[in-house]
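Structural overview
Below, each chain spelled out in residue letters.
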Amino acid sequence: MDHPTVSSANLTSNRTAIVLIPPKEFAEKLNQFRLVHDKSAPRWTAHITLHFLLCRQGLSKIEPFSFKLDGVGSFNLTSYETVHLSISADENIQRIWSVIAQALNYTGRPLTPHVTVGQAAYNNPEALASLRQKAQKLLGSVGSLDWPVRSVVFLRKDEQDGGVMKRCHEIYLAGESRTSFELAPSYPTTFYDGTRWKFTEPTTNDASLPTTLSISTYNILHDDLFPISNRLPSIIQTIVSSSSDIICLQEVTDDSLHGLLSSPSITSQFPYSNRHLEVVLENERNILILSRFHFAWSKLDIGSKHKPAFIATFHNSSSSPTRKNFVLAATHLTAGRAGSYLEQKTAEMEALVRHLYEAYPEDDWVLAGDMNWPEYGRVTPADELFNDAGLVFAHGPTFDPSTNPLAAATVRESPDPQRYDRIYVKKESSWDIESTKLFGNGDDLPSDHYGLSVILRSGLDAAEVIGNPTPALPVRHSHAPTLPLTTNLTTAELVDLATSHSWFPSADQDQQMGAVLDTLRSILCPSNDNPAGQSSTNVRIHIEYVGSYALGVHTAASDVDCLAVGNVSASTFWELSRSRLRHNEMARKRGGGVDVRLRRFVKDAIVQSMTLEVGGVKVDLQYCPARSLVEEWINVASLPSDSPLFVLAASSLVTLNAYRDVLALRKLLQPPALLSAFRTAHRALKQFLTTQGLSGGRFGFLGGFHLTLLLTRVTLSLHDSREAESQSELQPHDLVRHFFDTYAKWNWERDAVWAIPSREHELGSIGRGYRRTAKEPIVVLSIERPLSNLTFHASRNSLEVMRKALGRADRMLEEGRSWAEVCGLAEGKDVPYRQFLKEHKAFIKLDVHFWGGSNLKGRALIGWLESRIVSLLVQLSAAAPNVLSRFWPQRFADAGTVEHATDPNGFYLFGLSSLSSSSSSPPTASTQNSKTDTELSALTQCIRTFETELQSNDKFYDASNTFISISIVKRGSLEKDIGLSNIIPDPFTWSDDGFDPLEDEDDDEADSPSESSDSPDAHTKTSQEVSSASQRKKALAASRAAKATAYTPAPGKLRTSADVMNRLLWDPVLGKDDYAVGYEDRFLGIRESMLRDWVMKEVEHESFIPQHRIVYFKRVADGEVLWDRRKKIDLVFGSGLGAGV
């Protein structure tokens, strides 16, 4: 290696260090461990640091010497403990140090020469003890080796290469001229030469692989209850009997590594390994690759440093220049079948597949290992580019608690047999899958997994495969409805059914909805109409229609959605709006004003909103602060998508995109005849979804805008194909028929739905596309960026329900059935919810009864309970993956009790049924009964836990006025207790017609009328007409004075999470790397994220978490909670119950 010498001027800086470099054989045994545990290892090779500045004089007079590492030590820094190997006989190193210290006039702390092994988290004795134990093993590996010192080496930070420390100068000791700087490869391959294992030099001149190749994977089990020493002989025999050419082993430990590589049976069959006999493995469970052929390898962190994949490259030196290299990726993905674990392993596999795609585009690939992928997980990130050998040639489960006692003893979730261990082979490669087989499944079972072996044969000549480039890695969207379908469906049928059920809005309703915008504008933004220079305020507010009415697809039951955009903050807008609405209410009482009433103001939600009643029409209003955009509002429809005016906070942009998407759809759905057909088809499909219990985005089904985007894609695809073929105009029934044909066959787990087919190629582009996670069984993307999944509440249960319903409707239309039959509204037939009751033999019944008297609290309870249903569906799916929980999105009631009901008293139903099994052979009666009992037990445990969670929520649940219960009931029990014919949709209506009491805008803690009604003076005041803010304040003060009995000092108002976050981020004394944020996940409960990562999450919308879900902030070093919303603790500012520090 040529190491340039630089001038001394370049060496006198804190970017330069004087170090002692160990011999290569030291580094070969240390580096792999350090790369995981030492945060500096990616930039520094193993070394002993002497100083960070240059000193030349005196060093060349010191005689060369050598020493041995002989101890393990540690020292603590601010947030971690550093563990190192030490030297007791360090006199010669101290001589070098004294020369350096004297030359630099250094009088600081003395030198303690050491080689850093890694860091453990501060105040974590278990982690420290584990790392020290590993360091002791490392010392045993290198302690007998001499470390010769012939020079001191100067390393300089290369800022252009990620800060890697590189040799820039070297001073030799007396009489020496040989460099000490001989770097060892980070990932050396080892070779057994017949007597011992030794490290080999990297090479690309290897012999070609045979035409038939046996690849195997085997998890050998690490579990303290089943020591490896008892099982190792059988494991070795199993590995040898597999007759593998290359085998990937998982859960290898230091003990099992030594036993395997010391076995003559292993060394005679596998002379090459990615691990040396004497290395210390960096993790508790590790991957080992054994091979008959030489390979080079590297490590890829796909989840964390402790969850790597190993990439082995077998260089092919065939005489043909077109012969491809063989790249084997050995992996062990995260275990667990719940949503968060499936999401994690999806991310891990995605990272691995993308790395192969980008780093080895022309080579052949194989993935092998314990994927931990459950059978119900239909799609993996590897399916796009790989063939699953187990699907090409079925081989049965590799983890089967019913036949393997070790699997039965170690299983932590469902006991169903699983094909966890898999081997994937790249599509269009030069290798064909010839066969698969299991091994390690005989009488002697040494592991909880069976091994999997795949025979590959070089099936294509190199000249044939060189012309087949690696397929692209896009988001899949191969559904293009282009051919006309035979159908008896007519547009008249769609219209007649909607008309007969009063589905279309009447002329009066259309007129009322059309007047909403002008009425709202007259109250909330009157200054917009003032002549220039006459406005008394600088506030500018623009209000527009969004949602179904904006597109003309509204029905008689639709609300009107509006969006306000202004140049003031959200808090200012809502305060201003409430003030103007209150003034309008007072004007109405005097006989003036306009017909606008505030139903509800939702301020503690992801997106704040107001629900109003305008001229008898229910209106939902949201707000987006966008100061610069307001000035150009007249041109907003013509602005390009990438205009800098749309550079807003993610939360604001998502709200604004409701209007931008409407503008885009109005442009796309042209000419007018196409838009008209779209509107009729949309209303017909909305009727189908509603009657079939498939409507409601908050329950994981399809909302109105979801339907809009799905139908837009079908409409544009058909319109483009018909124009190309000069066919007649599209009719509503064409769109309906093709809608079912498209989405009944849609691969929801794999394919994202985007409304604009002509731009779908952008979804696969780096930086512009959308990357789905395993928590998203359905992805329906927004039109404008940032792309976001609008079906974020969808669950596996809701997907399966919709898949079945869409498939059933498609078959019925193909058979020529009427539209009324498809919707379940045919004469003489049960309505759909009664069919739902009859189709299921068992249900989960969620009862709720509230008798608290306060309508406001009752509505909050019902709203909160319904918001938790999605979480319950996710938990049910995780607890019993083979059971489908079909939720019907309505609250039911007993017809015999509703006539005189004054409080909500109803129940929700989840129909239970079995998903089709993936097993190739039918289960026996005993197996089926056992499976049913297991599933029933899992479901019962799940609903008990969920019930406890609900009843533990002090904010919404009060046992003195609320009853919530969850149970599993049979249909016969419902028939006996209620009678199926008596189960009806709950007709309950609130006594105040759903209007929340107006809050006093000057004091968020104002008492409600019911709370102050005990005071006679309060009754007197509230009975009078209060016409000014000062009078309202006097009335409030009087009611409080009358009610008060004694003064009790109360804690101050708690500072907001935003205040605390800004303090931690920007206070120069504090550091964002030292703090964590605790937040509430909709599905998983309380989770944590580092504060430094939280800032990034405001940019990446798909991972954005609103601040209202922050629960606490804590210091990572000692775990102390500095701010807690629930406990009113604030140690940052001293608000609430805290004392600021």
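Residues numbered from 1 in each chain as written. Predicted model: local features only at pLDDT ≥ 70, side-chain atom pairs only at ≥ 80, totals over all residues. Heavy atoms only, no water.

**Considering the overall build of the chain**
Formally: Numbering of helices and strands runs from the N terminus, with a helix taken as a DSSP run of H or I at least four residues long and a strand as a DSSP run of E at least two residues long. Residue exposure (1.4 Å probe, protein chains only): buried if accessible area is under 20% of the type maximum, exposed if over 50%, otherwise partly exposed. Contact between two residues is taken to exist if any of their heavy atoms lie within 4.5 Å; hydrogens are not considered. Here the Shrake-Rupley method, with its probe set to 1.4 Å, supplies the accessible areas, and only the displayed protein chains count as covering residues.
The helix and strand inventory of the chain stands at 32 helices and 39 strands. Sorting the 1141 residues of the chain into buried and exposed places 51% on the buried side. Residue pairs at least 24 apart in sequence account for 71% of intrachain contacts in the chain once pairs closer than 6 positions are excluded. By element, 50% of the accessible surface of the chain is carried by carbon and sulfur atoms, the whole surface being about 51,300 Å².

**Re the pairing of strand β27 (residues 609-614)**
Each regular strand displays side chains that alternate between the two surfaces of the sheet. Stated formally: Think of it this way: DSSP has to see at least two bridges between two strands before they count as a pair.
Of all six residues in β27, six are buried, a share of seventy percent or more. Neither face of β27 is exposed, since Ser-609, Thr-611 and Glu-613 on one face and Met-610, Leu-612 and Val-614 on the opposite face are all buried. Where strand β26 (residues 596-602) and β27 come together, six bridges link them in antiparallel fashion. Residue pairing in the sheet places Val-596 in a bridge with Val-614 of β27. Alignment of β27 against strand β28 (residues 617-625), held across six bridges, turns out to be antiparallel. When the sheet's bridge partners are listed, Ser-609 is paired in β28 with Gln-622. Between β27 and β28, which pair antiparallel and follow one another directly, the connecting turn spans two residues, one of which, Gly-615, has a positive phi of 60°.

**A look at the packing of helix α1 (residues 24-37) against helix α3 (residues 125-142)**
As a reminder of what qualifies: Axis definition: a line fitted to C-alpha atoms, limited for helices to the stretch in contact. Angles are taken between N-to-C directions and run from 0 to 180 degrees. For this classification, under 35 degrees means roughly parallel, over 145 means roughly antiparallel, 65 to 115 means roughly perpendicular, and everything else is oblique. Crossings are classed by handedness, with left-handed meaning an anticlockwise turn of the near helix from the far one by less than a right angle and right-handed meaning a clockwise turn. Classification convention: Asp, Glu, Lys, Arg as charged; Ala, Val, Leu, Ile, Met, Phe, Trp, Tyr, Cys, Pro as nonpolar; all other residues, Gly among them, as polar.
Direction vectors running N to C along α1 and α3 enclose 165°, while the axes themselves pass 10 Å from each other. Regarding the angle of α1 to α3, the classification is roughly antiparallel. α3 is crossed by α1, and the crossing has right-handed handedness. Listed contacts from α3 to Phe-26, Lys-29, Leu-30, Phe-33 and His-37 of α1 are Leu-131, Lys-134, Leu-138, Ser-141 and Val-142. Split by residue class, the contact of α1 with α3 holds six nonpolar, two polar and two charged.

**Considerations on the packing of aromatic side chains**
What counts is decided by this rule: Planes of paired rings set the category: under 30 degrees apart is stacked, over 60 is edge-to-face and the rest tilted, where pairs are Phe, Tyr or Trp rings (Trp by its six-membered ring) whose centres lie within 6.5 Å.
Taken as a whole and assessed by the stated rule, the structure comprises 35 aromatic pairs. Both rings, one in Phe-326 and one in Trp-431, keep their centres 5.6 Å apart while their planes meet at 75°; by these two values the pair is edge-to-face. Of this pair, Phe-326 sits in strand β18 (residues 326-332) while Trp-431 is found in the loop between β21 (421-426) and β22 (432-439), placing the two residues 105 residues apart along the sequence. The same class applies to Phe-326 as to Trp-431, namely buried. Seen from their ring centres, Phe-573 and Tyr-623 are 4.1 Å apart, and the 5° between their planes marks the pair as stacked. Taken as a pair, Phe-573 in helix α15 (residues 570-589) and Tyr-623 in strand β28 lie far apart in primary sequence, 50 residues in all. Three or more aromatic residues joined by ring pairs form one cluster here, namely Phe-688, Phe-739, Phe-740, Tyr-743, Trp-746, Trp-748 and Trp-819.

**As for the sheet that holds β28**
Taken together, the five strands give an open sheet; going across it, the order is β24-β25-β28-β27-β26, and neighbouring strands pair in mixed fashion. Looking at strand neighbours, the two that pair on one side only are β24 (541-546) and β26, the edges of this open sheet. Within the sheet, the average angular offset between the axes of one strand and its neighbour, ignoring direction, is 25°. α15 contacts β24, β25 (560-566), β26, β27 and β28 of the sheet and is inclined by roughly 150° relative to β26. Its contacts with the sheet place helix α17 (residues 650-668) against β24, β25 and β28, and it is angled at close to 120° to β28.

**Overview of the side chain of Arg-231**
The line we're drawing: Charge counting treats Lys and Arg as positive and Asp and Glu as negative, with His and both chain ends excluded. Whenever a carboxyl oxygen of Asp or Glu lies within 4 Å of a side-chain nitrogen of Lys or Arg, that contact is scored as a salt bridge. Whenever a nitrogen or oxygen atom comes within 3.5 Å of another N or O atom, the pair is scored as a polar contact, on the condition that within protein one atom can donate a hydrogen and the other can accept it, and that pairs from neighbouring residues in sequence are kept only if both atoms are in side chains.
Turning to its location among the elements, Arg-231 is positioned in helix α4 (residues 228-241). Buried charge Arg-231 goes without a salt bridge, the closest partner of opposite sign being Asp-448 at 6.6 Å. Within the structure, Arg-231 has its side chain in polar contact with the backbone oxygen of Leu-221 (distance 2.7 Å). Not counting residues within four places of it along the chain, the set of residues in contact with Arg-231 comprises Ile-220, Leu-221, Phe-226, Leu-406, Pro-446 and Ser-447.

**Considering the pattern of salt bridges**
Applying the stated rule across the entire model yields 36 salt bridges. Between Arg-660 and Glu-784 there is a salt bridge, with the nearest N and O atoms lying 3.3 Å from each other. Remark: Glu-784 occurs in the loop between α20 (732-744) and α21 (796-814) and Arg-660 occurs in helix α17; sequence separation between them is 124 residues. The same class applies to Arg-660 and to Glu-784, which are both buried. Across the salt bridge formed by Arg-1126 and Asp-1124, the nearest N and O atoms sit 3.2 Å from each other. The buried category is assigned to Asp-1124, whose relative accessible area is 3%. A network of salt bridges, in which partner residues are shared, links Arg-737, Asp-741, Lys-745 and Asp-810.

**With respect to unusual backbone geometry**
Omega for the peptide link from Gln-670 to Pro-671 comes to 15°, which places this bond in the cis form. Following the sequence through the fold, Pro-671 ends up in the loop between α17 and α18 (672-691). Look at Asn-372: it is not a glycine, yet its phi comes out positive at around 55°. Of note, Asn-372 is situated in the loop between β19 (364-370) and β20 (386-388). On the accessibility criterion, Asn-372 (8% relative accessible area) is buried. Even without glycine at this site, Glu-428 takes up a positive phi of about 55°. By the element assignment, Glu-428 lies in the loop between β21 and β22. Given the relative accessible area of 47%, Glu-428 is considered partly exposed.

**Here's the deal with the sheet that holds strand β6 (residues 114-121)**
Sheet strands pair via backbone hydrogen bonds, and the direction of the pair is either parallel or antiparallel. Here three strands make up an open sheet; going across it, the order is β4-β5-β6 and the pairing antiparallel. Where the open sheet ends on each side, the last strands, each with one partner, are β4 (71-76) and β6. Between one strand axis and the next, the sheet turns by 25° as a mean value, whatever way the strands run. One ladder, built from six bridges, connects β4 with strand β5 (residues 80-86); its direction is antiparallel. Note that in β5 the partner of Val-72 across the bridge is Leu-85. Sitting on the sheet, α1 is in contact with β5 and β6, with an inclination near 35° to β6.

**A look at the packing of α20 against α21**
At a closest axis distance of 9 Å, the pairing of α20 and α21 adopts a crossing angle of 130°. By the angle class used here, α20 and α21 are oblique. Judged by the twist between their axes, the crossing of α20 over α21 is left-handed. Taking contact as the criterion, the partners of Arg-737, Phe-739, Phe-740, Asp-741, Tyr-743 and Ala-744 in α20 are, on α21, Leu-806, Gly-807, Ala-809, Asp-810, Leu-813 and Glu-814. Its residues assigned to classes, the contact of α20 with α21 shows seven nonpolar, one polar and four charged.

**Considering the nonpolar core**
Heads up, the condition is: The term nonpolar core refers to a set of buried residues drawn from Ala, Val, Leu, Ile, Met, Phe, Trp, Tyr and Cys, joined through side-chain atoms within 4.5 Å.
Ranked by size, the top nonpolar core spans 117 residues in total, and within it Ile-543, Cys-562, Leu-621, Phe-688, Phe-740 and Trp-819 carry the most contacts. With nine residues, α18 is the single largest residue contributor to this core. Excluding its chain neighbours within four sequence positions, the residues that come into contact with Leu-621 are Leu-524, Ile-543, Cys-562, Leu-563, Ala-564, Phe-573, Trp-574, Gln-608, Ser-609, Met-610 and Leu-612. Counting residues in hydrophobic clusters, the runner-up holds 42 residues, among them Ala-46, Ile-62, Val-99 and Ala-120.

**Brief notes about the pairing of strand β29 (residues 842-850)**
Of all the nine residues making up β29, seven are buried; the element is thus mostly covered by neighbouring parts of the structure. Both β29 and strand β32 (residues 905-914) contribute to a ladder of eight bridges, which runs antiparallel. Following the sheet pairing, Phe-843 is matched in β32 by Gly-911. In terms of strand pairing, β29 meets strand β33 (residues 962-970) through nine bridges, oriented antiparallel. Looking across to β33, one finds that Lys-845 is bridged to Ser-967.

**Some thoughts on empty space enclosed by the protein**
Keep this limit in mind: Here a cavity denotes a set of grid points, spaced 1 Å apart and computed over the protein atoms alone, in which a 1.4 Å probe fits but from which it cannot get out, and a pocket denotes an open set meeting protein on both sides within 12 Å along at least five of seven lines; residues with an atom within 4 Å of a point are reported as lining. Grid points are joined across faces, edges and corners, and a volume is the space filled by probe spheres set on the points.
Counted under the stated rule, the structure contains two cavities of 30 Å³ or more. In this structure, the largest cavity occupies an estimated 40 Å³ of space. What lines the largest cavity is Leu-702, Leu-710, Trp-748, Ile-778, Leu-799, Met-802, Arg-803 and Leu-806. With four residues, the single largest contributor to the lining of the largest cavity is α21. Partitioning the lining of the largest cavity into residue classes produces seven nonpolar, no polar and one charged. Its boundaries defined by the atoms lining it, the second largest cavity holds a volume of some 30 Å³. Looking at the second largest cavity, the residues that line it are Ile-21, Pro-22, Ala-27, Thr-45, Ala-46, Glu-182, Leu-183 and Ala-184. Broken down by class, the residue content of the lining of the second largest cavity amounts to six nonpolar, one polar and one charged.

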